[in-house]
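# Remarks on the overall topology
Listed below, chain by chain, are the residues.
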Amino acid sequence: MSLEVINSPLLSLIQDKGRFSYTSIGVTNSGVMDEYAYNIANNLLGNELNTNIIEIAFSNIIFIAHKNTTIAITGAKCEFFINDITFNTWQTHNIKAGDIIKIGKILSGSRVYLGVDNGFLIKKEFGSNSTTLKENLGGLNGDKLQKGDILNFNSSTKISTTRLKKQYIPDYKEVLILRVVLAYQNDSFKQEEIDKFFSNIYTITNEFNRMGCKLEGEEIACDIEGIVSEGISFGAIQIPKDGKPIILLKDRQTIGGYPKIGSVLSIDCFKLSQCKPLQKVKFLPISLEEAQRKMKIFYSSFII
């Protein structure tokens, strides 16, 4: 045994970057919601960037370690304890056999990430460890972590501590700016509707999960009510009949028939994943060329 879950967490999942090239057979990408926090955790540990991790939502998960290892905690600001002693997140911690690790209340943000040195020893499905509950794929038997689950890893005895500089730790803002590349279907929206979309401030509703995020705000009208179902990208913004935007996220369906006004820049979707219902968001247009440049800068910064 290595890391054992000793309580009953609400929603903790094994994730990595996700599975790709299988949407043609209806298998969604899945993967970590916040790739920034995920990549930082693996960088702190010196892991390969596709190493699996635990994504913790709704707080309160407790583990006991049965081997020595090093862990990293990133993501949402939370109560974090080792043997009932409070420690900082966004850094590594050396863990000994018998230590109790607890993620308590989430104070700011929505998702906490816990990684171990060299990752967990879990067999991949369709090239990934990512858990997709609706498809019963990945993780431990395609399900969320439950009391008694065992996560095996290879023992390690690192003694150094690595931490992220304070200026790089995210500060979850009151109003989140989401940059948007307009879609090829934007011709189906009148210019005044596009202007309305970018000038309005929206509110995140309770319909917010790993599949997508529905927004409340001024309704956007489209000249067409539906399209022939087609593939959906990460961050795509659908406009359903009620005119309220839906941002599609990691566990989105693979095809859909609502028109799309644009797509949120992926790195902004990572920030969105740390939001809570009632938080305000605003859209900002960005060119395809600038979006590609931003993405290149983001991913190149994590090369070890």
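This is a predicted model, so every value here is computed, not measured.

### Some thoughts on the overall build of the protein
If you tally the helices and strands in the protein, you get 4 helices and 18 strands. A compact globule built from 304 residues should have a C-alpha radius of gyration of about 19 Å, and the protein, at 20 Å, falls within 12% of that. With the C-alpha coordinates aligned to their principal axes, the bounding extent of the protein is approximately 60 × 40 × 35 Å. Burial statistics for the protein: of 304 residues in total, 54% are counted as buried. In the protein, once contacts between residues fewer than 6 apart in sequence are set aside, the share between residues at least 24 apart is 76%. When the accessible surface of the protein is summed, it comes to about 14000 Å², and 53% of that surface belongs to carbon and sulfur atoms. Between the centroid of the 35 positive side chains of the protein and the centroid of its 32 negative side chains there is a distance of 6 Å.

### Examining the side chain of Glu55
Structurally, Glu55 is set in strand E3 (residues 53-57). There is a polar contact of 2.7 Å between the side chain of Glu55 and the side chain of Arg210. Excluding residues that lie within four positions of it along the chain, Glu55 makes contacts with Leu11, Ser12, Leu13, Gln15, Val32, Met33, Asp34, Arg111, Val112, Tyr113 and Arg210.

### A look at unusual backbone geometry
In this structure, Phe126 takes a positive phi of about 50 degrees despite not being glycine. For Phe126, the position within the fold is in the loop between strand E8 (100-116) and strand E9 (150-151). The phi angle at Asn141 is positive, at roughly 60 degrees, despite the residue not being glycine. Here Asn141 is to be found in the loop between E8 and E9.

### Side note on helix H4 (residues 288-300)
Across its 13 residues, H4 extends 18 Å between first and last C-alpha, which sits within 8% of the 18 Å expected from 1.5 Å per residue. Looking only at H4, the buried set comprises Ala291, Met295 and Phe298. Projected down its long axis, H4 shows its buried positions confined to an angular sector of 60 degrees, all on one face. Projecting away from the buried face of H4 at angles above 90 degrees are the exposed residues Glu289 and Lys296. In this fold, the buried residues of H4 make contact with helix H1 (35-45), strand E10 (175-182) and helix H3 (266-272).

### Section: the layout of surface pockets
Counted as a void, the largest pocket has a volume near 540 Å³. Taken together, 21 residues make up the lining of the largest pocket; nearest its centre are Tyr36, Pro170, Ile267, Lys271 and Phe298. Looking at the lining of the largest pocket, the elements that each hand over two or more residues are E10, H3 and H4. The dominant element in the lining of the largest pocket, judged by the number of residues it contributes, is H3, at 4 residues. Approximately 410 Å³ is the volume attributed to the second largest pocket. Surrounding the second largest pocket, 19 residues form its lining, Lys77, Asn88, Thr89, Trp90 and Ile169 being those nearest its centre. Broken down by secondary-structure element, the contributors of at least two residues to the lining of the second largest pocket are strand E5 (69-82) and E8. In terms of residue count, E5 provides more of the lining of the second largest pocket than any other element does, 5 residues in total. A breakdown of the residues in the lining of the second largest pocket according to their chemical character gives 10 nonpolar, 6 polar and 3 charged.

What counts and what doesn't
- Residues numbered from 1 in each chain as written.
- Predicted model: local features only at pLDDT ≥ 70, side-chain atom pairs only at ≥ 80, totals over all residues.
- Heavy atoms only, no water.
- Helix = DSSP H or I, 4+ residues; strand = E, 2+ residues; numbered from the N terminus.
- Rg over C-alpha atoms; globule rule 2.2 N^0.38 Å.
- Buried < 20%, exposed > 50% of the residue type's maximum accessible area, 1.4 Å probe, protein only.
- Contact = heavy atoms within 4.5 Å.
- Areas by Shrake-Rupley, 256 points an atom, 1.4 Å probe, with all protein chains shown as cover.
- Lys, Arg positive; Asp, Glu negative; His and termini not counted.
- Charge placed at Lys NZ, Arg CZ, Asp CG, Glu CD.
- Polar contact = N/O pair within 3.5 Å; in protein donor to acceptor, adjacent residues only side chain to side chain.
- Expected span 1.5 Å × (residues − 1).
- Arc of directions from axis to C-beta.
- 1 Å grid on protein atoms, 1.4 Å probe; cavity = no way out; pocket = protein on both sides within 12 Å on 5 of 7 lines; lining within 4 Å.
- Points joined across faces, edges and corners; volume = space filled by probe spheres on them.
- Nonpolar A, V, L, I, M, F, W, Y, C, P; charged D, E, K, R; others polar.

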